[in-house]
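This is what each chain is made of:
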2 protein chains.
Amino acid sequence: FWDAADVKVEGNPELQQAVRFALFHVLQSGARAERRAIPAKGLTGPGYDGHAFWDTEMFVLPLLTATAPTAAADALRWRVTTMDLAKERARTLRLRGAAFPWRTIRGQECSAYWPAGTAALHVNAGIAAAAARHVRWTRDADFERDWALPLLVETARLWNAVGYDGADGQFHIDGVTGPDEYTAVIDDNSYTNLLAAQNLTAAAAAARRWPDAASALDVDPVEIEQWSERADRIALPFNHELGVHEQDRGFTDRATWDFQRSARDDEYPLLLHAPYFLLYRKQVVKQADLVLAMHWASDAFTQEEKARNFAYYERLTVRDSSLSASTQAVIAAEVGHLALAADYLGEAVEMDLRDLEHNSGDGLHIASLAGGWLAVVAGFGGLRDAGDRMCFRPQLPPGWTRLRFGVRITGQRLHVDISEGTVTYTVEGTAPVAIAQLGARARAEFEVRPNKPVTRKWKPVKAITPTPTQPAGRAPQPAPRLS
Amino acid sequence: FWDAADVKVEGNPELQQAVRFALFHVLQSGARAERRAIPAKGLTGPGYDGHAFWDTEMFVLPLLTATAPTAAADALRWRVTTMDLAKERARTLRLRGAAFPWRTIRGQECSAYWPAGTAALHVNAGIAAAAARHVRWTRDADFERDWALPLLVETARLWNAVGYDGADGQFHIDGVTGPDEYTAVIDDNSYTNLLAAQNLTAAAAAARRWPDAASALDVDPVEIEQWSERADRIALPFNHELGVHEQDRGFTDRATWDFQRSARDDEYPLLLHAPYFLLYRKQVVKQADLVLAMHWASDAFTQEEKARNFAYYERLTVRDSSLSASTQAVIAAEVGHLALAADYLGEAVEMDLRDLEHNSGDGLHIASLAGGWLAVVAGFGGLRDAGDRMCFRPQLPPGWTRLRFGVRITGQRLHVDISEGTVTYTVEGTAPVAIAQLGARARAEFEVRPNKPVTRKWKPVKAITPTPTQPAGRAPQPAPRLS
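Residues numbered from 1 in each chain as written. Chains lettered and ligands numbered in written order. Predicted model: local features only at pLDDT ≥ 70, side-chain atom pairs only at ≥ 80, totals over all residues. Heavy atoms only, no water.

A few points about the overall build of chain A
Along its length, chain A carries 17 helices and twelve strands. Computed over the C-alpha atoms, the radius of gyration of chain A is 21 Å, within 12% of the 23 Å expected from 2.2 N^0.38 for a compact globule of 483 residues. Judged by the C-alpha coordinates and their principal axes, chain A covers about 60 × 60 × 45 Å. Burial status across chain A gives 64% buried among its 483 residues. For chain A, contacts bridging at least 24 residues in sequence account for 67% of all contacts bridging at least 6. By element, 49% of the accessible surface of chain A is carried by carbon and sulfur atoms, the whole surface being about 17,700 Å². (Helix = DSSP H or I, 4+ residues; strand = E, 2+ residues; numbered from the N terminus. Rg over C-alpha atoms; globule rule 2.2 N^0.38 Å. Buried < 20%, exposed > 50% of the residue type's maximum accessible area, 1.4 Å probe, protein only. Contact = heavy atoms within 4.5 Å. Areas by Shrake-Rupley, 256 points an atom, 1.4 Å probe, with all protein chains shown as cover.)

Observations concerning helix 14 (residues 303–314) of chain A
An α-helix turns once per 3.6 residues; consequently, residues spaced three or four apart project the same way. All names here are of chain A. In this model, helix 14 (twelve residues) spans 16 Å end to end at C-alpha, consistent with the 16 Å of a helix rising 1.5 Å per residue. Residues Glu-305, Lys-306, Ala-307, Asn-309, Phe-310, Tyr-312, Tyr-313 and Glu-314 constitute the buried set of helix 14. Of the surrounding secondary structure, the elements contacted by the buried residues of helix 14 are strand 4 (238–239), strand 5 (244–245), helix 13 (290–296), helix 15 (325–334) and helix 16 (338–349). (Expected span 1.5 Å × (residues − 1).)

So, the interface of chain B and chain A
On the chain A side, the residues contacting the 32 residues of chain B number 32 residues. Note on chain B versus chain A: buried area summed over both sides is about 2,600 Å², and carbon and sulfur give 62% of it. Counting the surface chain B buries against chain A, the share from its top three residues, Arg-94, Trp-114 and Phe-277 of chain B, is 33%. Where chain B meets chain A, there are six salt bridges. For Glu-267 of chain B, the salt bridge identified is with Arg-94 of chain A, shortest N-O distance 2.6 Å. For the interface between chain B and chain A, the tally reads ten residue pairs in polar contact (both at pLDDT 80 or more). (Buried area = accessible area lost by both parts, 1.4 Å probe. Salt bridge = Lys/Arg side-chain N within 4 Å of Asp/Glu carboxyl O. Polar contact = N/O pair within 3.5 Å; in protein donor to acceptor, adjacent residues only side chain to side chain.)

Examining the sheet that holds strand 6 (residues 390–392) of chain B
Residue and element names in this part refer to chain B. Taken together, the three strands give an open sheet; going across it, the order is 6-10-11, and neighbouring strands pair in mixed fashion. Looking at which strands have only one partner, the edges of the open sheet turn out to be strand 6 and strand 11 (443–448). Put simply, the sheet's adjacent strands are angled 25 degrees from each other on average, direction ignored. Across three bridges, strand 6 lies against strand 10 (residues 433–438) in parallel orientation. The residue bridging Phe-392 from the neighbouring strand is Gln-437, located in strand 10. (Pairing = 2+ DSSP bridges. Axes fitted to C-alpha atoms, helices over the stretch in contact; angles between N-to-C directions.)

Some details on a positive patch on the surface
Residues and elements named next belong to chain A. On the surface, Arg-441, Lys-457, Lys-459 and Lys-462 cluster together into a patch of positive charge. Positionally, Lys-462 belongs in the segment after strand 12 (454–457). Here Lys-462 falls in the exposed class, since its relative accessible area comes to 75%. (Patch = residues over 30% accessible without salt bridge, like charges linked within 9 Å, V, L, I, M, F, W, Y side chains within 5 Å. Lys, Arg positive; Asp, Glu negative; His and termini not counted. Charge placed at Lys NZ, Arg CZ, Asp CG, Glu CD.)

Focus: the packing of helix 7 (residues 141–162) of chain A against helix 10 (residues 221–232) of chain A
Residue and element names in this part refer to chain A. The N-to-C vectors of helix 7 and helix 10 enclose an angle of 65 degrees; their axes lie 11 Å apart at closest approach. Taken as a pair, helix 7 and helix 10 cross one another with a handedness that is left-handed. Of the residues in helix 10, those in contact with Val-153, Ala-156, Arg-157 and Asn-160 of helix 7 are Glu-223, Gln-226, Trp-227 and Arg-230. Taken together, the residues of the contact of helix 7 with helix 10 sort by class into three nonpolar, two polar and three charged. (Left-handed = near helix turned anticlockwise from the far one by under 90°. Nonpolar A, V, L, I, M, F, W, Y, C, P; charged D, E, K, R; others polar.)

Looking at the pattern of salt bridges
Summed over all chains, the structure comprises 82 salt bridges over all chains. For Arg-209 of chain A, the salt bridge goes to Glu-144 of chain A, with nearest N and O atoms at 2.5 Å. With a gap of 65 residues between them, Arg-209 of chain A in helix 8 (residues 190–209) and Glu-144 of chain A in helix 7 connect regions that are remote in the sequence. As a salt-bridge pair, Glu-445 of chain A and Arg-389 of chain A come within 3.6 Å of each other at their nearest N and O atoms. Placement of Glu-445 of chain A in strand 11 (residues 443–448) and of Arg-389 of chain A in the loop between helix 17 (366–380) and strand 6 (390–392) is noted, with a sequence separation of 56 residues between them. With a relative accessible area of 46%, Glu-445 of chain A lands in the partly exposed category. Via salt bridges that share partners, Asp-174, Asp-187, Asp-188 and Arg-249 of chain A together with Asp-248, Arg-254 and Arg-281 of chain B belong to a single interconnected network.

Focus on the sheet that holds strand 9 (residues 422–428) of chain B
Residues and elements named next belong to chain B. Pairing is antiparallel in the open sheet, where five strands are placed in the order 1-7-8-9-12. Because the sheet does not close on itself, it has two edges, and the strands there are strand 1 (8–10) and strand 12 (454–457). Averaged over neighbouring strand pairs, the angle between their axes works out to 15 degrees when direction is ignored. Pairing of strand 1 with strand 7 (residues 402–409) involves three bridges; the strand directions are antiparallel. Bridge pairing in strand 7 places Lys-8 opposite Arg-404.

Some points on the pairing of strand 8 (residues 412–419) of chain A
Residue and element names in this part refer to chain A. In terms of strand pairing, strand 7 (residues 402–409) meets strand 8 through eight bridges, oriented antiparallel. By the bridge assignment for strand 8, Arg-408 is matched with Arg-413. Once strand 7 ends, the chain turns through two residues before running back antiparallel as strand 8, passing Thr-410 with a positive phi of about 45 degrees. Relative to strand 9 (residues 422–428), strand 8 runs antiparallel, the two sharing seven bridges. Counted as the bridge partner of Ile-418 is Val-423 from strand 9.

A few points about the relation of the copies chain B and chain A
Mapping chain B onto chain A is achieved by rotating through 180 degrees and translating by 0.0 Å along the same axis, at an RMSD of 0.0 Å. Taken together, these values place the two copies in the relation of a two-fold axis. Relative to the rotation axis, the C-alpha of Val-185 of chain B is the closest in chain B, positioned 4.0 Å from it. Comparing contact sets, 100% of the residues at the interface of chain B also lie at the interface in chain A, consistent with an isologous, same-surface contact. (Least-squares fit on C-alpha atoms with pLDDT ≥ 70 in both.)

Here's the deal with the packing of aromatic side chains
All told, the structure shown has 32 aromatic pairs over all chains when counted by the stated rule. Centroid distance Trp-54 of chain A to Tyr-191 of chain A: 6.2 Å. Interplanar angle 75 degrees. Geometry classified as edge-to-face. Pair noted here: Trp-54 of chain A is in the loop between helix 2 (13–30) and helix 3 (55–67) and Tyr-191 of chain A is in helix 8, with a separation of 137 residues, a long-range link. Classification of Trp-54 of chain A as buried rests on a relative accessible area of 3%. Tyr-191 of chain A sits in the buried class, given a relative accessible area of 0%. On the basis of an interplanar angle of 50 degrees and a centroid distance of 5.6 Å, the ring pair of Phe-392 of chain B and Tyr-425 of chain B is categorised as tilted. (Phe/Tyr/Trp six-rings, centres within 6.5 Å; stacked < 30°, edge-to-face > 60°.)

Regarding the side chain of Ser-322 of chain A
All names here are of chain A. Within the element layout of this structure, Ser-322 appears in the loop between helix 14 and helix 15. For Ser-322, a relative accessible area of 12% puts it in the buried group. Residues contacting Ser-322, with those up to four places away along its chain left out, are Met-351, Glu-357, His-365 and Ser-368.

With respect to the pairing of strand 11 of chain B
Moving residue by residue along a regular strand, the side chains alternate between the two faces of the sheet. All names here are of chain B. Direction of pairing for strand 10 relative to strand 11: antiparallel, over a ladder of six bridges. Pairing of Ile-435 across the sheet is with Phe-446, part of strand 11. Remark: four residues form the turn of the hairpin made by strand 10 and strand 11, two consecutive strands paired antiparallel.

Observations concerning the packing of helix 8 of chain A against helix 10 of chain A
When two helices pack together, their arrangement is captured by the angle between the axes and the distance separating the axes. All names here are of chain A. Where helix 8 meets helix 10, the axes come as close as 8 Å, and the angle between the chain directions of the two elements is 145 degrees. Once helix 8 is placed against helix 10, the crossing between them reads as left-handed. Within the contact between the two elements, helix 8 uses Ala-197, Leu-200, Thr-201, Ala-203, Ala-204, Ala-207 and Arg-208 and helix 10 uses Ile-224, Glu-225, Trp-227, Ser-228 and Ala-231. Tallied by class, residues from the contact of helix 8 with helix 10 come to eight nonpolar, two polar and two charged.

Examining unusual backbone geometry
Residue Tyr-268 of chain A is joined to Pro-269 of chain A through a cis peptide bond whose omega torsion reads -5 degrees. Looking at where Pro-269 of chain A falls in the secondary structure, it is placed in the loop between helix 11 (259–264) and helix 12 (276–279). Look at Asn-451 of chain B: it is not a glycine, yet its phi comes out positive at around 60 degrees. With respect to the secondary-structure elements, Asn-451 of chain B resides in the loop between strand 11 and strand 12.

Observations concerning the environment of Ala-116 of chain A
Residues and elements named next belong to chain A. Position of Ala-116 relative to the elements: it lies in the loop between helix 5 (83–92) and helix 6 (122–138). For Ala-116, a relative accessible area of 17% translates into the label buried. Sequence separation of Ala-116 and Thr-177 is 61 residues, and the distance between their C-alpha atoms is 6.4 Å.

With respect to helix 2 (residues 13–30) of chain B
All names here are of chain B. The terminal C-alpha atoms of helix 2, which comprises 18 residues, lie 26 Å apart, in line with the 26 Å expected from a rise of 1.5 Å per residue. Within helix 2 the residues assigned to the buried category are Glu-14, Leu-15, Gln-16, Ala-18, Val-19, Ala-22, Leu-23, His-25, Val-26, Leu-27, Ser-29 and Gly-30. In the core, the buried residues of helix 2 are packed alongside helix 1 (2–5), strand 1, helix 3 (55–67), helix 4 (69–81), helix 16 (338–350) and helix 17 (366–380).

Structure below.
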């Protein structure tokens, strides 16, 4: 594990320790989970009563697929073992396909508050995304046919049933709840829509690759065509006056939360001080939502849109969830705010070492720790894996002299070694790895052959906005530097 | 009571009996309630556990103010006795003023499901409307100063706190639930907005009439000015493509419920067959909502808008609530669909005599019965009382040869006697009553002096749309005609 997965940070010893602490505990939570869920607290404490949530697939599995793929495959197989319950739940909701639970131990929906449970259908797109990603990284054909395909097909059917064609010709998904838990039961949540579209596209592609297996799931060509076609028409709300994407349709028209009052009266986390009745229809964001969409549906946004969106949502995001700082780190790095990204990374990986939410006694924040790894690899490494090749955009935050990390990809071990101005890619294994490196203007595509390291130059992203600000008192808690 | 309040219908003996049954039971529920709530089931059964709701003020009190004003005044005084609890509730919600409960026995909020309870803030506008109406009808200055003013002021403060000025210059109220319980936690519910605007306007007017009493409630001129000014800027969502008002912002863009399936699978009432998750963001209406707004905020809509809106919402309204048929009768009559109006009236007043919802054993539907009276008086009589004078627009449905009804107004008894083509107004008492009669094009204003009946002609409203249709299987249940 450590040979392939270790992250080495030079220039920040405390962070070095924290990242390894994170890797260790995520592996502990997943390595022998086998066909059980990986719960929010892993194996470390009684928090959340042992339940698993969407963050297994969206935060923990990206790390495990890249570093311990057999553990990731097991976690996805566990989801498939709960398929009958998920199909039954979909039928209860008068929908087709499968509706996986918001919180569960062995497959039943255990959330009692439907606006933040049942309505958070994005958990299904997260499962589909993890399955499709696992296939892209491992190229495990048997896994795709036997395990990923049913997950992709039944979740695609759910989106097809819950969405509708609007009079504007777009495909809409109304009445759902996105990642931000301070907004619920809204229309066209951008994150949900973009991941649902990916889900539909991935299901269509997998069904085309495995026609017999798809046919055994009663998939027919008309259904496949409808998935593809609706994915292409997904609605993505945009406010043209402000020039930013909307978290959901109408979000940017609503009143803004009184952040000054909340800072003055020490009201964080807000959910303990204000009713959802007030929170739900204000511009206030508990955790990365539109910003999370920019990470996982990167191609749906231009670089300039990402920068503007990030600045807009930073001033609304209070980070009352541990599932936020790591994503803010990823996008802060992508749009060139590297010191801010490092602060968010510090908060994500030191969540429990510094007991930042005063509840580490209930167990570790496994997804935040896994998110810390994402902040390093997808943030400073710039890793994106949407296409046929791994894409990087290397950078280093102030004070770091070198960053090394590794991933397992298509059976090989790929090491990335970032120093000031240069990056070296090394493959250990038997086959070349296809890479793309993004620069300020150009995209370079190349192959790295086993034991033939490739070194290239990089320049930091130039920020096009001033460093974004957070609501009063909600700036990230930067790691104290060892003297 | 009967001298002033009796309704006499010639041409439909069963309906005659039903209307008197309705009047009797509404009076029974309110006459000696004194400073207790008038509950949904009156004194007739254990349904709703004895709780009172918004329909006390919006359905029962219009009848009592017009026929038994001391009972109506008592009911409003009861609300004032719960003011401290309502203010405390507003503080719990971080709002100003008073937030009266959605369901209660003695003032505490007893609803456990906030999207259909707390969020249904319109209960406050309904209380304010009843208080202002009672003052208009009785001209009871002491009542206005001592009882209506505090209700108007504290509810106005609530709207001022919950609403906000949008970038479009309009005053918006987001995240509330309107009368239609198949839609919840939405933005700019037209009914809520229009009644909130009336509330703000009425509070400002009352505070200006009673400066010392208002000052004792800490009202200052700046606050009064803000109420008036925001009322004038209230948002009223309109779909220009369809030419109809929206029940809430975005309502007409959403997918339409699958009414065919619900008819085929015998799924009514829908709340027993489909989750709110699916119902809330579809175009499906449990009970009159935009149509209720057209009754109580009549001046906000042109006659043509009323006709188009009514046709649009008729095809979406499934009437899974008994608080609907009477309002549909009122507006059906106003836009010239008199046979349809009569059918809805029959359903409203015969709800319990024919046990249409199979639950009359739990107690009578007092608000539906009171609504039956509204269907007669505001529907066929065309009564509206928004201005300084009582406004009528007399009509008769097919088969009726004569309709007589009476109201107590400003201390007088006013009798209205509608025959084919003519209407006679008679005042018993000591002072004249100011009347306006609406015709197809003109509005006639006149005074009726005591014992000097005035007879005028009338013509039926000419419908500008075909008779609207309801979802499959949801046409009104017309009264069986006695042979």
